[in-house]
2 protein chains.
Amino acid sequence: MTRLQATYQIESPVGVARAAEVIAGEQSTGTFVRLASETDDLRARSAARVEAVEVTGASDHPALPCRLKAARYEQGRITLSWPVDTFGPSLPNILATVAGNLFELAEVSAIRLLSLDIPDSIAAACPGPQFGVAGTRALAGVDAGPMIGTIVKPSVGLSAAQTATLAGDLARAGIDFIKDDELQGNGPACPLPDRARLVMQALDAAAQATGRKAMYASNITDEITQMWRHLELLERLGATCAMVSLNSIGLAGLRAVRDRSPLPIHAHRNGWGLMSRSPHIGIAYPAMQKLWRLAGADHLHVNGLASKFTEPDAVVIEAARSVQAPVSGSHAHAALPVFSSGQTPWQVGPTLAALGNDDALICAGGGIMSHPGGPAAGITAFRQAAVAQAAGVDVRTHAADHPELASALDAFQGAVSRS
Amino acid sequence: MTRLQATYQIESPVGVARAAEVIAGEQSTGTFVRLASETDDLRARSAARVEAVEVTGASDHPALPCRLKAARYEQGRITLSWPVDTFGPSLPNILATVAGNLFELAEVSAIRLLSLDIPDSIAAACPGPQFGVAGTRALAGVDAGPMIGTIVKPSVGLSAAQTATLAGDLARAGIDFIKDDELQGNGPACPLPDRARLVMQALDAAAQATGRKAMYASNITDEITQMWRHLELLERLGATCAMVSLNSIGLAGLRAVRDRSPLPIHAHRNGWGLMSRSPHIGIAYPAMQKLWRLAGADHLHVNGLASKFTEPDAVVIEAARSVQAPVSGSHAHAALPVFSSGQTPWQVGPTLAALGNDDALICAGGGIMSHPGGPAAGITAFRQAAVAQAAGVDVRTHAADHPELASALDAFQGAVSRS
């Protein structure tokens, strides 16, 4: 495949087929008046092509405000393709092509980018995840089973020393992974360098006791040159992970981090709701995560089952599977799905069952910290839930002779109403 | 003001006031279980605060899919504030705070960020536009009146040499500003270095004849280190502007460009429709453009009146005014609004009248290239329309003894149905 393909779900006042032509024109050679210089040869060589059009329905009103009025707004799916020669493997320019001006066209009253088919030539020219699942397991010292993680909470307000104390306690309690909150960056109240230094001291001390160093994702989200300085510092401190807020640093920012990162990149998607919550406009996660993986994300957030967020469980699982699927025909570039938000041992079994494997990082804040027996019991309960799932035993049955699990299932009963 | 303020329009299944508390918690200290370490002192120091709640209405159904069900979805506006100490002047971390996880909360069935109040301390610590209006006018050699620009079209498909020939012709025809299309980056079919080199040769040659060098915004959108190389090249070639796709390079990418740019940054917002077209989710332009200006954008796209896009004219004008308004109480950091898309001399008067001044860049593709008398007549017609507006003369009256304008008004009659 030498063309990049994108599939959209659209609604249009001018009909799905006509809208497909307009989008193809807008996103390649077109302007509102056809110019003399736009020859047939040029169009054949450079224009976007309509590969498929499928009409699925119609509405008598537009899904989104739309300047063009019609009696009928036709709905359907379209697939467009572009020659790779126009943009090469430049991810920022690919994004401008598949997710640029098209969202504003009056010829569509709804448009969502559903999927991207990435040519191997692009996948080959992009770095992809540097560590992925295997590299993360090696650094975290977790050979098998899901990795159990937590988030430092309160999200903001703790000093560097308080954060380090908490991290040390969690490490001694047996956690695999800890992360800063996405709201904890490099502010004056808790600068990243201070926090990272004290946290790594605490983790090293804990490792003396446990024989294993918990992975800690310091949130390095910041301006580009600062992120590079943060990465150098983390490496010097012996850190094993760096976290970024994808929507804050942008696709080019992610690649800049990847190019200089000696550590796995824990990619947080806060702000994703803006890009995907509306059924009428946006980008579906299976499309966007491919670009993030190509740029180098190792861990990708996907929310969690029965979370505090509004996303349906099916979308969560589709997202998690998508980050494990090959990015192109011949390139895996697989990432590690990160489940989080309102997670408790109740969700572990259903999550792993739906995923179909245990290459997952399951993060819980309150679900670990607020275990009646304390954080160590909280972590144990998560592991027990994973063991039950692997053995094909119902989690309640398994709890009968696993008191930490029993206690968690009891404490967090409300958390699972949807799973 | 030592706190950052954000105002949102929301709809909520739990009521506007309760939703405000939930968002404030989620976006600062909170987790779904209140933790022992979240003391009252910590909350007082670090928590987001609900500054205002205004209920404006209600609906019996949720505007967006929402996990929480209610008989009544209350609508209104809320204002939240955060202590600056949490994030400092780090724009990527500010974005994660005001436009992060909140979009996914089940406690809101609609949420749009309407405005941001930026503390002076943040504005003072950010670079802001390096050239702005005055610097751009100086480099383009346009002392007064709106600057008239155009876009190289077809967007893709022309070789570097063809692009240069077109740019030279337009420069000799008297254009103030030319830009690459946002789809023309640095692909194998027309690499930026080749294109920029030939374009600058053509512009220098044209300047020998006209006595003035047209400003050309080369689209440097790419990975960070490549953009820096492109900037170095442009400077060596004597270029006077660089263009980026904001949503492709991200907020951190924009700042990285600003930090090393010897040229004004022409900021293209393609993809903006995704962020703002739905009335139920997203970010209003007056909020987002402040962050882009703080990061260093000199020129900011705002669409145009009666454009091919779906945005209503009132939103276009609000956007244009917002980029000229002070970014904070004591810091102007003003940018140049760029009007484009389907622009003809018909729109010039209404645009400048609504803006209230002529510090604007008006770009037209077909509206110049397809003028019956050719591009020079097309440019002249735009200038004549601006002169008529400045003199308070109706554009049709002015056309009576200005044949280029008359010809344009005739040719593009259909273009102005909305203005």
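No experiment lies behind these values; they were computed from the predicted model shown. (Residues numbered from 1 in each chain as written. Chains lettered and ligands numbered in written order. Predicted model: local features only at pLDDT ≥ 70, side-chain atom pairs only at ≥ 80, totals over all residues. Heavy atoms only, no water.)

Some thoughts on the pairing of strand E4 (residues 110-117) of chain A
All names here are of chain A.
Right, so step 1: When you tally the buried positions in E4, you get six out of eight residues, the bulk of the element.
Right, so step 2: In this sheet, E4 lies alongside strand E1 (residues 3-12) in antiparallel orientation, the contact comprising seven bridges. Residue pairing in the sheet places Ala6 in a bridge with Leu116 of E4. (Buried < 20%, exposed > 50% of the residue type's maximum accessible area, 1.4 Å probe, protein only. Helix = DSSP H or I, 4+ residues; strand = E, 2+ residues; numbered from the N terminus. Pairing = 2+ DSSP bridges.)

Observations regarding the nonpolar core
Right, so step 1: In this structure, Tyr8, Ile283, Leu291 and Trp292 of chain A together with Tyr8, Ile283 and Trp292 of chain B are the most contacted members of the largest nonpolar core, which totals 238 residues.
Right, so step 2: Residue contacts for Ile283 of chain A: discarding those within four places in its chain leaves Ala99, Phe103, Arg112, Leu113, Trp272, Met275, Ser276 and Met288 of chain A together with Leu274 of chain B. (Core = buried A, V, L, I, M, F, W, Y, C linked by side-chain atoms within 4.5 Å. Contact = heavy atoms within 4.5 Å.)

Topic: the interface of chain B and chain A
Right, so step 1: Facing 95 residues of chain B, the contacting portion of chain A comprises 95 residues.
Right, so step 2: For the pair chain B and chain A, the summed buried area comes to about 7800 Å², and 58% of that belongs to carbon and sulfur atoms.
Right, so step 3: When the area that chain B buries against chain A is broken down by residue, the three leading residues are Glu104, Leu274 and Arg277 of chain B, summing to 11%.
Right, so step 4: Connecting chain B to chain A are six salt bridges.
Right, so step 5: Of the charged contacts in the structure, one is a salt bridge between Glu223 of chain B and Arg255 of chain A, with a shortest N-O distance of 3.8 Å. (Buried area = accessible area lost by both parts, 1.4 Å probe. Salt bridge = Lys/Arg side-chain N within 4 Å of Asp/Glu carboxyl O.)

Examining the environment of Val244 of chain A
All names here are of chain A.
Right, so step 1: Structurally, Val244 is set in strand E8 (residues 241-245).
Right, so step 2: Each C-alpha atom, one on Val244 and one on Ser218, is 8.4 Å from the other, the two residues being 26 residues apart in sequence.
Right, so step 3: In this structure, Val244 is in contact with Asn219, Ile220, Thr221, Met227, Ile249, Leu254, Val257, Ile265, His266, Ala267 and His268, ignoring residues within four places of it in sequence.

Comments concerning the sheet that holds strand E2 (residues 49-59) of chain B
Residue and element names in this part refer to chain B.
Right, so step 1: Across the sheet, which stays open at both edges, the five strands sit in the order E2-E3-E1-E4-E10 with mixed pairing between neighbours. This sheet does not close on itself; its edge strands, each paired only once, are E2 and strand E10 (281-283). The sheet shows a mean angle of 15° between the axes of neighbouring strands, taken without regard to direction.
Right, so step 2: Two elements, E2 and strand E3 (residues 73-83), share nine bridges in a ladder whose sense is antiparallel. Note that in E3 the partner of Val53 across the bridge is Ile78.
Right, so step 3: Running at roughly 35° to E3, helix H1 (residues 16-26) makes contact with strand E1 (3-12), E2, E3 and strand E4 (110-117) of the sheet.
Right, so step 4: Where helix H11 (residues 285-295) meets the sheet, its contacts fall on E4 and E10, and the angle it forms with E4 comes to roughly 50°. (Axes fitted to C-alpha atoms, helices over the stretch in contact; angles between N-to-C directions.)

Observations regarding the relation of the copies chain B and chain A
Right, so step 1: The two copies are related by a screw operation: chain B maps onto chain A through 180° of rotation and 0.0 Å of translation along the axis, at an RMSD of 0.0 Å. Taken together, the rotation angle and the small translation identify this as a two-fold axis. The position closest to the rotation axis in chain B is occupied by the C-alpha of Gly250 of chain B, lying 1.9 Å away.
Right, so step 2: Mapped onto chain A, 100% of the interface residues of chain B are again interface residues, and the two copies thus contact each other with one and the same surface. (Least-squares fit on C-alpha atoms with pLDDT ≥ 70 in both.)

Brief notes about the domain arrangement of chain A
For interface size, the figure often reported is the accessible area lost on association.
Residues and elements named next belong to chain A.
Right, so step 1: According to the domain assignment, chain A contains domain 1 (3-117) and domain 2 (132-417).
Right, so step 2: Taking the mean C-alpha position of each, domain 1 and domain 2 sit 36 Å from one another.
Right, so step 3: Regarding the contact of domain 1 and domain 2, the summed buried area is about 1400 Å², with carbon and sulfur atoms giving 69% of it.
Right, so step 4: The three residues of domain 1 that bury the most area against domain 2 are Leu91, Arg112 and Leu116, which together make up 44% of that side's buried surface.
Right, so step 5: Our count for the domain 1 to domain 2 interface comes out at zero salt bridges.
Right, so step 6: Taken together, the connections running from domain 1 to domain 2 amount to seven residue pairs in polar contact (both at pLDDT 80 or more).
Right, so step 7: Looking at which element gives the most residues to the side of domain 1 that touches domain 2, the answer is E4, with eight residues.
Right, so step 8: Considered class by class, the residues forming the side of domain 1 that touches domain 2 number 13 nonpolar, two polar and two charged. (Domains from an automatic or database assignment. Polar contact = N/O pair within 3.5 Å; in protein donor to acceptor, adjacent residues only side chain to side chain. Nonpolar A, V, L, I, M, F, W, Y, C, P; charged D, E, K, R; others polar.)

Quick notes on the UniProt feature "domain: Ribulose bisphosphate carboxylase large subunit C-terminal" (unreviewed entry) in chain A
Right, so step 1: As annotated by UniProt and renumbered to match this structure, "domain: Ribulose bisphosphate carboxylase large subunit C-terminal" (unreviewed entry) occupies residues 134-412 of chain A.
Right, so step 2: End C-alpha to end C-alpha, residues 134-412 of chain A measures 32 Å, and it is 51% helix and 13% strand. (UniProt positions renumbered as here; feature names shortened; annotations may be inferred.)

Observations concerning H11 of chain B
Right, so step 1: Burial analysis of H11 of chain B places eleven of its eleven residues in the buried class, which makes it a mostly covered element.
Right, so step 2: Trailing H11 of chain B by a residue or two, Gly296 of chain B shows a phi angle of about 125°, which is positive.

Let's talk about the confidence of the model for chain A
Right, so step 1: Averaged over all residues, the pLDDT of chain A equals 95, while 96% of them reach at least 70.
Right, so step 2: If you check the scores for this complex, the pTM reads 0.96 and the ipTM reads 0.96. (pLDDT = per-residue confidence, 0-100.)

Brief notes about the pattern of salt bridges
Right, so step 1: Evaluation of the coordinates by the stated rule reveals 35 salt bridges over all chains.
Right, so step 2: Salt-bridge contacts for Glu26 of chain A lead to Lys308 of chain B; the nearest nitrogen and oxygen are separated by 2.9 Å. With one member in each of two chains, Glu26 of chain A in helix H1 (residues 16-26) and Lys308 of chain B in the loop between strand E11 (299-301) and helix H12 (313-324) form a pair that bridges those chains.
Right, so step 3: Judged by its relative accessible area of 9%, Glu26 of chain A is buried.

What to know about the side chain of Glu107 of chain A
Right, so step 1: Structurally, Glu107 of chain A is set in the loop between helix H3 (91-98) and E4.
Right, so step 2: Salt bridges are absent for the buried Glu107 of chain A, whose nearest opposite-charge side chain, Arg18 of chain A, sits at 5.8 Å.
Right, so step 3: With sequence-adjacent residues up to four places away left out, Glu107 of chain A is seen in contact with Glu11, Ser12, Pro13, Val14, Ala19, Val22 and Leu68 of chain A together with Lys308 of chain B. (Lys, Arg positive; Asp, Glu negative; His and termini not counted.)

Quick notes on unusual backbone geometry
Excluding glycine, residues mostly have negative phi values, and the peptide bonds linking residues are mostly trans.
Residues and elements named next belong to chain A.
Right, so step 1: That bond from Lys153 to Pro154 is cis: its omega, 0°, falls within 30 degrees of zero.
Right, so step 2: When you line up the elements, Pro154 lands in the loop between strand E5 (147-151) and helix H6 (160-172).
Right, so step 3: Of note in this structure, Ala306 is not a glycine but carries a positive phi near 45°.
Right, so step 4: With respect to the element layout, Ala306 can be found in the loop between strand E11 (299-301) and helix H12 (313-324).
Right, so step 5: Its identity as a non-glycine residue notwithstanding, His333 has a phi of 45°, on the positive side.
Right, so step 6: With respect to the secondary-structure elements, His333 resides in the loop between H12 and strand E12 (336-339).
Right, so step 7: On the accessibility criterion, His333 (17% relative accessible area) is buried.

Brief notes about empty space enclosed by the protein
Right, so step 1: The full count for this structure, using the stated rule, is five cavities of 30 Å³ or more.
Right, so step 2: Looking at the largest cavity, its volume works out to about 460 Å³.
Right, so step 3: When residues of the lining of the largest cavity are traced back to their parent elements, those giving at least two are H3, helix H9 (246-260), helix H10 (272-276) and helix H11 (285-295) of chain A together with helix H3 (91-98), helix H9 (246-260), helix H10 (272-276) and H11 of chain B. (1 Å grid on protein atoms, 1.4 Å probe; cavity = no way out; pocket = protein on both sides within 12 Å on 5 of 7 lines; lining within 4 Å. Points joined across faces, edges and corners; volume = space filled by probe spheres on them.)

A look at the pairing of strand E9 (residues 265-268) of chain B
Residue and element names in this part refer to chain B.
Right, so step 1: Burial along E9 is two-sided: Ile265 and Ala267 and His266 and His268, pointing in opposite directions, are all buried.
Right, so step 2: Here four bridges tie strand E8 (residues 241-245) to E9, and the two strands are oriented parallel to one another. Within E9, the position partnered with Ala242 by the bridge is Ile265.
Right, so step 3: The pairing of E9 with E11 spans two bridges and is parallel. Bridging across to E11, His266 finds its partner in His299.

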